[in-house]
Each structure stands twice: as C-alpha cells, then as structure tokens.
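What follows is each chain in one-letter form.
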Amino acid sequence: MTFIETRGNDGVKPAEVSFSQAILSPSASFGGLYVPRKLPALDFDFFKTHTESHYKELCRALFDRFDVDIDRADLEAALARYDAFDDPLDPVPLVKVAEDAFVSELWHGPTRAFKDMALQPFGYILSSLAKKRGEKYLIMAATSGDTGPATLETFKNAESVKVACLYPDGGTSDVQRLQMVTEEAENEKVIGIRGDFDDAQTALKRLLASESFKARLKESHTELSAANSVNFGRIIFQIVYHIHSYLKLVARGEISMGEPVYLVVPSGNFGNALGGYYAKKMGLPVEKILIASNVNNILTDLITEGRYDLTDRSLVQTASPAMDILKSSNVERVLFDKFGPERTKELMDQLAEQNRYTLSPEELEMLREDFDATFSSDEEGRAVIASYAERGYIMDPHTATCFKAYEELRRKSLKTIIYSTAEWTKFSPTVCAALGHRVEHDKEALEWISERYNVPVPKMIAELFEKPVVHDTVIDKERIEEEILKFI
C-alpha cells in the first residue's frame, strides 16, 4: 500500500510514499497529511473469521490487509507491548452499562488513556525503523493531556530516538502533568508552554514543515517525526479497536453479524473518530459515528451546520481538558476522503488565512452521511458521572460527554458502542466533585473514590505522588524552537 497527500503534491515531495516513509516523515506537501491511496475492503468472511480472534490476531490480520512495509518480526514485537496491559488477552474490555449501550474501555495500558492503544506498538515500530536505517530521530509530541504521557512511556530509553513533548501549562489534570514531568528517561524533554493545546499543536506542525528547523537538526545528524495523530502510524492502530468492539458484541450474541451499530466518540483532535470512519469505509457495519464534544464545540458546528469558524472563538478550559481543542487535525483526512485534495487545500488555506471555512450544502450533506454531533457542558457531564456511579460504573469526564449523544442523537434503536478514552483516576477531583465530595488534591480524591466505590487505584497512578519532578521548564510559545534545539 502507498500513501498520498491530503492537499495534493507540491512537485518536490514524492507523489506517493510507503507506510514507513509516511510515519518517519509525516509532514506532506503544503502542510498536509498522508492518507492511504486506497483503503482495503473487509468483507463478511473477514469479520466472521475474526469473531473470536484475540486482539493481537485481529491486528495482524488488519496489517495484512493494509499490506504495509513493516517486517513481521517488528510487528510481532510491537504487538507484544499489549502484554503489559491489565489483561493481555483482552486489552480493550467492553462493559455493558445499559440494555443497548456498551462502553469500550480503551485505557487499560500503562498511562491509563486510550493513546496507549496506538502509541505503545507505534513507538516500537518507529524506533525499530530508525535503528535499522542507522538514523537518529527527534519525535515531537503536542499534548492536551494524554498523548504526552503515552509518547514518553513508549519511547523512554529507546535507541536512536529523542522526544520533545509540549503541553499547555495549567491545561492538563494534575495526574497527567505528573506523568510527564516525573519521567526520568534521559532521551526525553518535557516543555510546558504558556498557552493552550492549539498553540502547542500549531508549533508542532510549523516545526514539522520548517526547512530551517530540520536543517538545524541535521547538523546534529537528527531527522524529525511526530507522535501526534497527524502521523498515520497512530491512525492504523486506532482502526483496530472499533472492529474489535463490534466483533465482541457479535461473539456475545448481543447483535448478529452485519447488524449496524452506533459509535459514540468523545473527540478533540478527531483521530479516534477517524479510526471509526475508516473502519466504516472498510466495511464495518456502522450506522453513524456520533461525535461528543465539550463546550469547545467546533466539531458540533462543523458537522451540524458546515461551519468551521474560529474568528470569534477562544479556547475554554473545561473539566475534560483532553478535548479542549479548536483545531482538530484529523478532520482534514475526512475532508480529503469526501471532497478530494484540491478542495481540501482550499478549505485548509481558508482556515489558515481567514480562521474559518464553510462547506456547501451538498458537502455538509455528504459529511452528515457518516457523522452527527452534539456537546455537553461540565454540569451535564457531572450529572452523567453521578448517575452511572449509582449504577456501579465510574467514568471520567471525557467519557461522560458521550451520553448526551447516546440519548439524543440516535434515530434508530440500535446497539451503541461508547468509547471511554481515559480512566477516572486521571481526573479524580472532577469525578469526586460530581459525586458530591469536594477535595483540594488529586491524592485525596483518589483515596476517597477508591474507598467509597470499591475501585482500585493502579500502582502506576498511586506512585506518581512520590516521584520527584524532573522537568520544570515552562516557557513562552515563541521560545519552543530554541528550547528544543538546546535539548538536541
């Protein structure tokens, strides 16, 4: 399989690249992204064959269909990263929370967030490619809270790789921040910036496209790549769990093979939703993908009205900080799939130059064939957390945003898969407040919820509060390039 560019080709970069090239150098022409030239089709026999397959077996089968240039031995070693999850045989538990609602828990890995599902195997593959090529890489990551810890975890002490991780100072939960600033690996640098996630992601994309920055890196014999979902190496692993969750419903007898379901995805940067969209395009029986946002509801505006308008918008800090995003990178890949490279470039140029773009009525209709969207306030999220806690299920505030979409957007009585992107332990003060008990510190909140609701606090979370802070750098966003070059 080869990969092409969402904004067309500039005549300088290759018109098509391999999978390994796309993940090592993820910045495409005109600042665009790489996408598969053609998605593989999954037929009834594929789904039937893998109804009872364990997760790694399904991953292997999907990679075979994508036919990417990754050695089987490297893929096996990458998939072995799932052995460190809570249950290696079932890294993505599917929990029934209502008669027609099932929560796919994507957070049973080492950093307790869904980013581990893709970044754990992806990190191994990228490191292995760099080592085989005899090259050194700087991996950049911009995080709203979960990508950072997962990136640091997967690349810590990796040969041939250094990591620079950007996070918005004050814009993550305490646990997320501690997961980053206590990381002791010598090949990693964590940088807090005075700004929000969009500032961090904009800086990342600018540096990925900066020839002068890459030239400075090459002086140290270092190439540049990224761990954000701008990198398709992340996306390919995010397709798998949508298929896996569906097949688990079939295996349990909750649905029959071929019966459509709704997917409800809490979304900020749209990578998780894109994985569901690609799975649907490949043949997974999905009625529609329902996008759940917080009050930073730019995606709701796009999907319901066809407007992506940042002119009068400023980022609002919410109780679901990983979704505090206004510039959702992976929307571009959907626009490309729907409207082609020329229109995608036109829309992205308008966003860059005018801070907005508008779809035509016909384009909006095409988008709504696959998506619908709504958003929840913090107050609505807290009510959901409290309601389901009474039924014995504890969830984090990002997962809580999904239930308004589940209750209000479904037009058919179909089974629904809701994606839980983080464990409650990463946002314990918010969960604690929703349950009627206010505390000042995360540690106290963790202990209170654990004791009151008889849910364990994983060792990797409990230990954070005893670790020393290693990374205390906080800078203005204008100094990011300077700080990274100093690290290199």
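Structural data are supplied above this passage.
Reading guide: rules and limits
- Just so you know, the residues in each chain are numbered from 1, in the order the chain's sequence is written.
- Only residues with pLDDT of 70 or above have their local features reported here, since the model is predicted, and side-chain atom pairs are shown and tallied only from 80 upward, although totals for entire chains, interfaces and linings are computed over all residues.
- To obtain the side-chain values, all non-hydrogen atoms of the structure were used and water was disregarded.
- Where helices and strands are cited, they refer to DSSP runs of H or I of at least four residues and of E of at least two residues respectively, numbered from the N terminus.
- All radius of gyration figures rest on C-alpha atoms, and the globule criterion is 2.2 Å times the number of residues raised to 0.38.
- Only protein chains enter the calculation, and the probe is 1.4 Å; a residue is then buried if its accessible area is under 20% of its type maximum, exposed if over 50%, and partly exposed in between.
- Only heavy atoms enter the contact rule, under which two residues are in contact if any of them lie within 4.5 Å.
- Reported accessibility uses the Shrake-Rupley method at a 1.4 Å probe radius. Residues are deemed covered only where the shown protein chains occlude them.
- When charges are counted, Lys and Arg are positive and Asp and Glu negative, with His and the chain ends excluded.
- Charge positions are represented by NZ for Lys, CZ for Arg, CG for Asp and CD for Glu.
- The term salt bridge refers to a pairing of a side-chain nitrogen on Lys or Arg with a carboxyl oxygen on Asp or Glu at a separation within 4 Å.
- Only buried Ala, Val, Leu, Ile, Met, Phe, Trp, Tyr and Cys residues count toward a nonpolar core, and they belong to the same one when joined by side-chain atoms within 4.5 Å.
- Axis definition: a line fit to C-alpha positions, over the contact stretch in the case of helices; interaxial angles, taken between N-to-C directions, run 0 to 180 degrees.
- Crossings are assigned a handedness: left-handed for a near helix turned anticlockwise from the far helix by less than a right angle, right-handed for a clockwise turn.
- Here the term charged refers only to Asp, Glu, Lys and Arg, the term nonpolar to Ala, Val, Leu, Ile, Met, Phe, Trp, Tyr, Cys and Pro, and the term polar to all other amino acids, Gly among them.
- Any two strands with at least two DSSP bridges between them are considered paired.
- The rule is short: rings of Phe, Tyr and Trp, with Trp giving its six-membered ring, pair when the centres are within 6.5 Å, and they are stacked under 30 degrees, edge-to-face over 60, tilted in between.
- Any Lys NZ or Arg CZ found within 6 Å of a ring centre and within 35 degrees of that ring's normal is scored as a charge over the ring.
- The length a helix should cover is 1.5 Å for every residue beyond the first.
- Counted as a polar contact is a pair of N or O atoms within 3.5 Å, where, for protein atoms, one must be capable of donating a hydrogen and the other of accepting one, and residues adjacent in sequence contribute only when both atoms are in side chains.
- Patches here are clusters of residues that have more than 30% relative accessible area and form no salt bridge, with a 9 Å joining cutoff for like charges and a 5 Å cutoff for nonpolar side chains (Val, Leu, Ile, Met, Phe, Trp, Tyr).

**Re the overall build of the protein chain**
Here's step 1: Looking only at helices and strands, the protein chain features 21 helices and 15 strands.
Here's step 2: The C-alpha radius of gyration of the protein chain comes to 21 Å, within 12% of the 23 Å expected for a compact globule of 488 residues.
Here's step 3: Dimensions of the protein chain, computed from C-alpha atoms along their principal axes, come out at roughly 60 × 50 × 50 Å.
Here's step 4: Split into buried and exposed, the 488 residues of the protein chain put 62% on the buried side.
Here's step 5: Excluding contacts between residues fewer than 6 apart, the proportion of contacts in the protein chain whose partners are at least 24 apart in sequence is 74%.
Here's step 6: With an accessible surface of roughly 18,400 Å², the protein chain has 45% of that area assigned to carbon and sulfur atoms.
Here's step 7: Of note, the protein chain has its 58 positive side-chain charges centred 2 Å away from the centre of its 78 negative side-chain charges.

**Comments concerning the pattern of salt bridges**
Here's step 1: Under the criterion given, the structure shown has 42 salt bridges.
Here's step 2: Of the charged contacts, one joins D301 and R307 as a salt bridge, the two residues approaching to 3.9 Å between their closest N and O atoms.
Here's step 3: For R307, a relative accessible area of 32% corresponds to the partly exposed category.
Here's step 4: Salt bridges sharing partners connect three or more residues here, namely K189, R479, E482, E483 and K486.

**Describing the nonpolar core**
For soluble globular proteins, nonpolar side chains are generally found buried alongside one another.
Here's step 1: Core analysis: the biggest nonpolar cluster contains 142 residues, and I243, I291, Y357 and F403 have the highest contact counts within it.
Here's step 2: Apart from the residues lying within four places of it in its own chain, the contact partners of I291 are V265, S267, F270, A273, L299, I303, F371, D372, A373 and T374.
Here's step 3: Residues A164, I193, A200 and L224 belong to the second largest nonpolar core, which totals 24 residues.

**Observations concerning the packing of helix 10 (residues 232–251) against helix 11 (residues 271–282)**
Here's step 1: Where helix 10 meets helix 11, the axes come as close as 8 Å, and the angle between the chain directions of the two elements is 65°. For helix 10 against helix 11, the interelement crossing comes out right-handed. Counting all contacts with helix 10, which are made through F232, I235, Q238, I239, Y241, H242 and I243, the residues of helix 11 involved are G271, N272, L274, G275, G276, Y278, A279 and M282.
Here's step 2: Partitioning the contact of helix 10 with helix 11 into residue classes produces nine nonpolar, six polar and no charged.

**Observations regarding the environment of D45**
Here's step 1: Position of D45 among the secondary structure elements: in helix 2 (residues 44–49).
Here's step 2: Relative accessible area serves as the criterion here: at 52%, D45 is assigned to the exposed category.
Here's step 3: Put simply, D45 and I4 are 41 residues apart on the chain and 29 Å apart in space, counted from C-alpha to C-alpha.

**Here's the deal with the sheet that holds strand 6 (residues 161–168)**
Here's step 1: With parallel pairing, the five strands of this open sheet are ordered in space as 8-5-6-7-15. Looking at the sheet topology across the chains shown, the edges are occupied by strand 8 (222–226) and strand 15 (474–476). Taken pair by pair, the neighbouring strands of this sheet meet at an average axis angle of 30°, ignoring direction.
Here's step 2: Alignment of strand 6 against strand 7 (residues 188–194), held across six bridges, turns out to be parallel. Across the sheet, the residue bridging to L166 is I191, located in strand 7.
Here's step 3: Along the sheet face, helix 7 (residues 174–181) touches strand 6 and strand 7 and points at about 155° away from the line of strand 6.

**Details of the packing of aromatic side chains**
Here's step 1: Using the criterion set out here, one finds 16 aromatic pairs in the structure.
Here's step 2: It is R391 that lies over the ring of Y388; its NZ or CZ is 4.0 Å from the centre.
Here's step 3: Positioned over the ring face of F375 is K404, at 5.5 Å from the centre of the ring.

**Observations concerning the sheet that holds strand 9 (residues 261–266)**
Here's step 1: What the six strands build is an open sheet, ordered 3-4-14-9-10-13; its pairing is mixed. Looking at the sheet topology across the chains shown, the edges are occupied by strand 3 (94–98) and strand 13 (371–375). Across this sheet, the average inter-strand angle for adjacent strands is 25°, counted without regard to direction.
Here's step 2: Two strands pair when backbone bridges link them, and strand 3 and strand 4 (residues 101–105) are joined in this way by four bridges, in the antiparallel orientation. If you follow A98 over to strand 4, its bridge partner there is A101.
Here's step 3: Where helix 10 meets the sheet, it contacts strand 3, strand 4, strand 9 and strand 14 (416–420), and its direction lies at approximately 135° from that of strand 14.

**A word on helix 8 (residues 197–209)**
Here's step 1: Here helix 8 contains 13 residues, and its C-alpha end-to-end distance of 18 Å stays within 8% of the 18 Å for a straight helix at 1.5 Å per residue.
Here's step 2: Every buried residue of helix 8 is listed here: F197, D198, A200, Q201, A203, L204, L207 and L208.
Here's step 3: Check the buried side of helix 8 and you find it contacts strand 5 (136–142), strand 6, strand 7, helix 9 (211–218), strand 8 and helix 21 (480–487).
Here's step 4: Capping the start of helix 8, D196 holds a side-chain oxygen 3.1 Å from the backbone nitrogen of D198, two or three residues further along.

**Quick notes on a negative patch on the surface**
Here's step 1: Together, E440, E444, E447 and E451 line one region of the surface with negative charge.
Here's step 2: Tracing the backbone shows E447 in helix 19 (residues 442–453).

**Points about the pairing of strand 4**
In regular strands, side chains alternate between the two faces of the sheet.
Here's step 1: Within strand 4, five of the five residues are buried, which leaves it mostly tucked inside the rest of the structure.
Here's step 2: Side-chain alternation along strand 4 places A101, V103 and E105 on one buried face and F102 and S104 on a second face that is also buried.
Here's step 3: Hairpin connection, strand 3 to strand 4: the antiparallel pair is bridged by two residues.
Here's step 4: Pairing of strand 4 with strand 14, which is carried by five bridges, proceeds in the parallel orientation. When the sheet's bridge partners are listed, A101 is paired in strand 14 with T416.

Interpretation note: all reported values are geometric properties and have no functional meaning in isolation.
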